Amino acid sequence: MAGKTKANPTSKGQGKPRSAKPTNGLPKNWPSSLPYLTSPIYSSALTPDHLTALRTPADPFKQSETLPLIPASHPRGPSARVHILPITNPSHPAHGQHGLFAVRDLAPGELIAPYFGEVHPGTGDGAARHADSDYDLWVDRDGDIAVDAARGGNEGRFINDYRGVPEGAGTRRRANAEFRAVWDGRAGERGMGVFVLKAGVKRGEEVCVSYGKGFWGERKEGEGRDCNKVQSLVML
Ligand SMILES: C[S@@+](CC[C@H](N)C(=O)[O-])C[C@H]1O[C@@H](n2cnc3c(N)ncnc32)[C@H](O)[C@@H]1O
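Remember, predicted model here, so these are calculated numbers, not experimental data.

The subject of this paragraph is empty space enclosed by the protein. Scanning the model with the defined rule gives two cavities of 30 Å³ or more in all. Within this model, the largest cavity holds a volume of roughly 100 Å³. Lining the largest cavity are 13 residues; nearest its centre among them are P40, Y115, R190, G191 and M192. Only β5 (111–115), β12 (177–184) and β13 (189–196) provide two or more residues apiece to the lining of the largest cavity. At four residues, β13 tops the list of elements feeding residues into the lining of the largest cavity. Looking at the lining of the largest cavity residue by residue, the class counts come to nine nonpolar, one polar and three charged.

Pasting the structure below:
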């Protein structure tokens, strides 16, 4: 996953933002070994009940179930808002991997990107092959649906956790974005997206979420990864 460049990394980010122009329909720096998805793919382990839950819109009369909408007009393919860059700063905890960086200023509440991957059962046998994934999010716990971008996805899979990420003379104190469950008007189904938090994201800044303490706790203890999955990447 590593990619060395001659860029001179700053402590704040990865230097000047560069063009997010896609190459051959793929975002720049997309790994050649990995499928780039412009819509979700579906596990064969999904049951009709899973699919019904996935394709049932949230009840508009329940405040807690009002999902942000990705409109049917939202463009597919490489993002004009963010781009994938190799992490070249040795102080960055994900040095040698990749991260996602803003191409322009992003406003609070703005959708940065949908999160595509393999939609699969969140528990049981159909979840087994995703148990060790670091790219797996809950879409809908009640409906037992998760999405895993380990074997293919879009820009969303490159979002790092804010912990230990260099900023100024120190490290980031908080996330500037978060994963949210969405209603995707293009597919007519639930999904996940990453959205800008209230401080906004400046051009050139790395987009960072909080994977949640559970993610790092599980990792430290080397315990079962099922918890790490998803608990984590979704909630602060
Ligand atoms: C969803 S991926 C993020 C994208 C990843 N950097 C890549 O290039 O594929 C999650 C993985 O990124 C790395 N990572 C993300 N944020 C990190 C952080 N704050 N500290 C250490 N590793 C981090 C860990 O290896 C983690 O398992």
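Further notes follow.
A separate point is the side chain of D161. Secondary-structure assignment places D161 in strand β9 (residues 160–161). One polar contact links D161 to R163, side chain to side chain, over a distance of 2.7 Å. For D161, the side chain forms a polar contact with the side chain of W216, separated by 3.2 Å. Discounting residues that sit within four places of it in the chain, D161 has contacts with C208, V209, S210, Y211, G212 and W216.

Cut-off values and rules
Residues numbered from 1 in each chain as written. Predicted model: local features only at pLDDT ≥ 70, side-chain atom pairs only at ≥ 80, totals over all residues. Heavy atoms only, no water. 1 Å grid on protein atoms, 1.4 Å probe; cavity = no way out; pocket = protein on both sides within 12 Å on 5 of 7 lines; lining within 4 Å. Points joined across faces, edges and corners; volume = space filled by probe spheres on them. Helix = DSSP H or I, 4+ residues; strand = E, 2+ residues; numbered from the N terminus. Nonpolar A, V, L, I, M, F, W, Y, C, P; charged D, E, K, R; others polar. Polar contact = N/O pair within 3.5 Å; in protein donor to acceptor, adjacent residues only side chain to side chain. Contact = heavy atoms within 4.5 Å.

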